[in-house]
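The primary structure of each chain is shown beneath.
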Amino acid sequence: MTTTHGDPVTGRELTVADTFEFAASQLRELVTSHPGRTPTYTSHGRWVLDNDQWAPNWNGGFLAGMLWILARRTGDAWWAEQARKYTLALEPRKNDTGTHDIGFLLEPSFGRWYDYEHDEHAREVLITGGRTMAGRMQEPGGYLRTWVDAGSTFIDVMMNVGIILRAAEYADDPSLTDIALRHSETTRRYLVRGDGSTLHEGWFDTTTGEFLHAATHQGSRSDSSWARGQAWAIYGFSSVFEHTGQTEMLATAQSCADFYISETAAVGVPPNDWTDADPVPPFESSASAIAAAGMLRLANALDSQRAGTGGERYRDYANVILRTLRTTQFLAADTPGWEGIIKHAIYHRAKNLGVDESVMWGDHYLMEALELSEQSGANATSPTPTNGAR
């Protein structure tokens, strides 16, 4: 196996079972040492417990989501107790009109609670949260606004469309479906390029709805493609297809996945932005964890459309990513004192926040992707693909 620059992947490779065991030990330490805290990123491998210095706190759902995964995998009442505790702490965010990240907060937490236990309270929270998220629709441009400005939308927002569609289904409210699809169509048109690459941010005239220009906060340039945003697009458009069956959303997810594969090394871990000639640090591991989860969802969606075929390329590539992330070059199992699960992630390079560190969503989507891989009958050890990856 080789890295982005052709160097061998180093370290030992853990099994899936051992990876989950290590993740459980890291999470137990976090929950018992810092009860109630939901950090975003590490500094020198230790969780930063201060408030997020860039965005309104948006990551608490990821910790709750990991606790739910462990509760279901182990059947241990302690994990279930912690999962409910950390989930219920997020309930006030269902009415939060100051963030576009309602889905990130409530789907991994209340969404898993409902999916696993069909809890009616969780269902009601998801409906309320979905309606709150839908309230961010800007009618002239047909997009869900960010917390930055009424004229701004991010590619990230595609990850927060799913909660609107959940609410539409649970409340039998087609007007919510219309809002979710309208934003998705606007994003397809303006934030996804013809080659499948993505913008980070699009700006619109709030009066006329005219698209004005591209921008970025976390990529290298406004005309580049930020790797984590690309991964959000793969996952987000796949999720919209899962809810609606709209084949154009599936085609967009596939185009975004094809771009990711074509631009990334065969082992699947990209730099922060593919336009960086000499990226430092060379990896953004959280982007690869998200991409793996997104590609597994995409593969399942393609198989559902094509009578069990069509998803192999994306499933194989996702499993190569997971094999890479299970090596101790990325997994912190052989790094004493490191508090996160996977290393070499980046939160915000321009602001020097969480650079070459662990981030909560990277850990979360690693665990989600490993579960999805198991459910698909794969063992996350597929051979490295040669279909366009360099």
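The structure presented is a predicted model; accordingly, all values stated were derived computationally and were not measured. (Residues numbered from 1 in each chain as written. Predicted model: local features only at pLDDT ≥ 70, side-chain atom pairs only at ≥ 80, totals over all residues. Heavy atoms only, no water.)

A few words on the overall build of the protein. A tally of regular secondary structure across the protein gives 12 helices and nine strands. A globule of 390 residues ought to have a C-alpha radius of gyration of about 21 Å, and the protein, at 19 Å, matches this closely. Residues counted as buried form 61% of the 390 residues belonging to the protein. Counting every atom, the protein has about 13900 Å² of accessible surface; 47% of that belongs to carbon and sulfur. In the protein, the 32 positive side-chain charges and the 50 negative ones have mean positions that sit 1 Å from each other. (Helix = DSSP H or I, 4+ residues; strand = E, 2+ residues; numbered from the N terminus. Rg over C-alpha atoms; globule rule 2.2 N^0.38 Å. Buried < 20%, exposed > 50% of the residue type's maximum accessible area, 1.4 Å probe, protein only. Areas by Shrake-Rupley, 256 points an atom, 1.4 Å probe, with all protein chains shown as cover. Lys, Arg positive; Asp, Glu negative; His and termini not counted. Charge placed at Lys NZ, Arg CZ, Asp CG, Glu CD.)

Moving on: the side chain of His-200. Counting through the fold element by element, His-200 comes out in the loop between helix H7 (174-190) and strand E6 (201-204). Take His-200: its relative accessible area is 3%, and that puts it in the buried class. A polar contact is formed between the side chain of His-200 and the backbone nitrogen of His-217, at a distance of 3.2 Å. Once residues lying within four places of it in the same chain are set aside, the contact partners of His-200 are Thr-153, Phe-154, Ile-155, Asp-156, Leu-191, Ala-215, Thr-216, His-217, Gln-218 and Trp-226. (Polar contact = N/O pair within 3.5 Å; in protein donor to acceptor, adjacent residues only side chain to side chain. Contact = heavy atoms within 4.5 Å.)

Here the focus is the nonpolar core. With 120 residues, the main nonpolar core has Met-295, Ile-341 and Tyr-365 as its most contacted residues. For this core, the element with the highest residue contribution is helix H10 (residues 285-305), accounting for 12 residues. Apart from residues lying up to four places away in sequence, Tyr-365 is in contact with Phe-62, Phe-104, Met-159, Trp-232, Tyr-235, Ala-289, Ile-290 and Ala-293. (Core = buried A, V, L, I, M, F, W, Y, C linked by side-chain atoms within 4.5 Å.)

For the rest of this paragraph, the subject is the packing of aromatic side chains. Counting across every chain of the model gives 26 aromatic pairs. A centroid spacing of 4.4 Å and a plane angle of 20 degrees characterise the contact between Tyr-143 and Phe-204, whose relative ring orientation is stacked. You can see Tyr-143 sitting in strand E4 (residues 143-144) and its partner Phe-204 sitting in strand E6, a full 61 residues away along the chain. Residue Tyr-143 shares its accessibility class with Phe-204, and that shared class is buried. Relative to Trp-361, the ring of Tyr-347 lies with its centre 5.2 Å away and its plane at 65 degrees, an arrangement referred to as edge-to-face. With a gap of 14 residues between them, Tyr-347 in strand E8 (residues 345-348) and Trp-361 in helix H12 (residues 360-375) connect regions that are remote in the sequence. Using a relative accessible area of 1% as the deciding quantity, one classes Tyr-347 as buried. On the basis of relative accessibility, which here comes to 0%, the residue Trp-361 falls in the buried class. Three or more aromatic residues joined by ring pairs make a cluster, and in this case those are Tyr-41, Trp-58, Phe-62, Phe-104, Trp-232, Tyr-235, Tyr-347, Trp-361 and Tyr-365. Note that Arg-28 overlies the ring of Trp-78, its terminal NZ or CZ placed 4.3 Å from the centroid. Across the ring face of Phe-20, the terminal group of Arg-73 is positioned such that the distance to the ring centre comes to 3.7 Å. (Phe/Tyr/Trp six-rings, centres within 6.5 Å; stacked < 30°, edge-to-face > 60°. Lys NZ or Arg CZ within 6 Å of the ring centre and 35° of its normal.)

Here we take up the confidence of the model for the protein. Confidence in the prediction for the protein averages 93 pLDDT; 94% of positions are at 70 or higher. Contacts of residues 1-6 to residues separated by more than four positions or lying in other chains number 23 contacts, the stretch itself having pLDDT below 50. The low-confidence segment residues 379-390, where pLDDT is below 50, has 38 contacts with residues more than four positions distant or belonging to other chains. (pLDDT = per-residue confidence, 0-100.)

With that settled, the discussion passes to the side chain of Thr-327. Position of Thr-327 relative to the elements: it lies in the loop between helix H11 (312-325) and E8. Since its relative accessible area comes to 3%, Thr-327 is described here as buried.

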